[in-house]
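A look at the structure
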Amino acid sequence: MNTVKTGWIGLGKMGVPMSQQLIKAGYPLSVYNRSKDKEEVFKAQGIGIAASPALLLNAADVVFIMVSDDNAINDIFHGDEGLLAAKVSGKIIINMSTVSPAISKEIAAACKAQGNYYLDAPVSGSVKQAEDAMLVIMVGGEAGAFEQAKTILEKMGKLVMLVGGTGAGNAAKLAINTLLGIVAQGLAETITLAQQNGIEAEALIMLISNSALGSPFIKIKGDAIVNNNYQAAFALKHIAKDLRLAKDLGLATPLGYTAYQTYQAAEAAFGEEDIIAVIKQVSKG
Ligand code: NAP
């Protein structure tokens, strides 16, 4: 049994499997989610439920956050019973959501004034990698807090790397997700061109997967297209959000900017579906 008390905020698609790794590793855990129904599974496991983020921080030494975006982070920290309302110090707060470096810098300063440490620690990988504890975790913040948190982060990922000061994890993540957006759009366009010329998607995926271009991503998303399965593992609305954040960081290069435009255009119709539903956008012509 580990003695460090952990807390988890955000029980969405990623937050559930990631927090389960802490339970598996024997860490005492309490959780909080805005929508109470998502806490039920944890209650049934005998996990403590906190009534607010502030109460969760009171009860834990290290608190992890996995929520949607900058707005959610604002609510979690600045709400009436948010993390910054807690009268506690010496805690480590680790924000694993994909958010802007700017909000990380603002919140890190507020946490420091409160007497706590903030790390940004976004992840590369999706639900499957979260379930298998195979995420890639990129961290920004103070080296001392990172060293204290590293052992726990390693329970969720295969690589945990400090990349720089506060916001550096977020900047690295937005750069990686720019590549993700480009690759997903590239796969969608490739399959569209092949289909327009009488080649079945299934045959094309087999050819690509056996070539030097093959990758787990191409296989998983190619199979999703073949099976007409667009249920979100990574919702298209999240990549649309990430490319907006990347644009704020200066993304203006040809492919990146085009991907930014494509996902913004696709979001209204396909935002709740998986990222690879971008094929429905690009195949419109
Ligand atoms: P999700 O399933 O949509 O879950 C979002 C979570 O954020 C829910 O717990 C939701 O609470 C909470 N939330 C949203 N707005 C909130 C607010 N204003 N106040 C409090 N809580 C709020 O998202 P996800 O797929 O787990 O992704 C979470 C983060 O990880 C995102 O930043 C995403 O970009 C990133 N990410 C996702 C993947 C992936 O493959 N899914 C991979 C890497 C990174 P409710 O239950 O109350 O709505």
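Residues numbered from 1 in each chain as written. Predicted model: local features only at pLDDT ≥ 70, side-chain atom pairs only at ≥ 80, totals over all residues. Heavy atoms only, no water.

Positive phi, normally seen in glycine, also occurs at A133, with a value near 55°. Looking at where A133 falls in the secondary structure, it is placed in the loop between α6 (127-131) and β8 (135-140). One non-glycine residue, N228, adopts positive backbone phi at about 55°. Examined against the element boundaries, N228 turns out to sit in the loop between α10 (216-226) and α11 (236-248). For N228, a relative accessible area of 59% translates into the label exposed. (Helix = DSSP H or I, 4+ residues; strand = E, 2+ residues; numbered from the N terminus. Buried < 20%, exposed > 50% of the residue type's maximum accessible area, 1.4 Å probe, protein only.)

This brings us to the packing of helix α4 (residues 70-78) against helix α5 (residues 101-114). Running from N to C, α4 and α5 point in directions that differ by 10°, and their axes come no closer than 11 Å. One finds that α4 runs roughly parallel with respect to α5. Residues D70, I73, N74, F77 and H78 of α4 pack against I103, E106, I107 and C111 of α5. A breakdown of the residues in the contact of α4 with α5 according to their chemical character gives five nonpolar, two polar and two charged. (Axes fitted to C-alpha atoms, helices over the stretch in contact; angles between N-to-C directions. Parallel < 35°, antiparallel > 145°, perpendicular 65-115°, else oblique. Contact = heavy atoms within 4.5 Å. Nonpolar A, V, L, I, M, F, W, Y, C, P; charged D, E, K, R; others polar.)

When the parts of a complex come together, some accessible area is lost, and that lost area is often taken as the interface size. Segmenting the protein into domains produces domain 1 (6-165) and domain 2 (172-282). Inter-centroid distance (C-alpha atoms) of domain 1 to domain 2 is 28 Å. Taken residue by residue, the interface counts 14 residues in domain 1 and twelve residues in domain 2. Where domain 1 abuts domain 2, roughly 990 Å² becomes buried across the two surfaces, and 71% of that area is made up of carbon and sulfur atoms. Of all residues in domain 1, K13, T98 and M138 give up the largest surface area on contact with domain 2, accounting jointly for 39% of the area buried on that side. Joining domain 1 to domain 2, the criterion identifies zero salt bridges. (Domains from an automatic or database assignment. Buried area = accessible area lost by both parts, 1.4 Å probe. Salt bridge = Lys/Arg side-chain N within 4 Å of Asp/Glu carboxyl O.)

The UniProt record annotates "active site" (unreviewed entry) at K173. Following the sequence through the fold, K173 ends up in helix α8 (residues 168-196). Residue class for K173 comes out buried when judged on its relative accessible area of 6%. When sequence neighbours within four positions are dropped, the list of residues in contact with K173 reads T98, P122, V123, S124 and M138. (UniProt positions renumbered as here; feature names shortened; annotations may be inferred.)

Residues L29 and V31 of strand β2 (residues 29-32) are buried on one face, and the alternating residues S30 and Y32, pointing to the opposite face, are buried as well. By the bridge criterion, four bridges tie strand β1 (residues 6-9) to β2 in an arrangement that is parallel. Opposite W8, over in β2, you have V31 as the bridge partner. At this point the chain moves from β1, through helix α1 (residues 15-24), to the parallel β2, and the crossover so formed is right-handed. In this sheet, strand β3 (residues 48-49) lies alongside β2 in parallel orientation, the contact comprising two bridges. Note that in β3 the partner of V31 across the bridge is I49. (Pairing = 2+ DSSP bridges. Right-handed = clockwise from strand over helix to strand, strands pointing away.)

In this section: the site of the ligand. Around the ligand lies a shell of 25 residues, among which N33, S35, K38, S68 and S126 are the nearest. S35 is positioned with one of its side-chain polar atoms (N or O) 2.4 Å from an oxygen atom of the ligand. Here the ligand has 900 Å² of accessible area as a free molecule, and 91% of this is covered by the chains. Counting residues per element, the ones that place at least two in the shell around the ligand are α4 and α11. In terms of residue count, α4 provides more of the shell around the ligand than any other element does, three residues in total. Split by residue class, the shell around the ligand holds nine nonpolar, ten polar and six charged. Counting the residues that make up the shell around the ligand, at least three belong to each of domain 1 (6-165) and domain 2 (172-282). (Near = heavy atom within 4 Å. Polar contact = N/O pair within 3.5 Å; in protein donor to acceptor, adjacent residues only side chain to side chain. Areas by Shrake-Rupley, 256 points an atom, 1.4 Å probe, with all protein chains shown as cover.)

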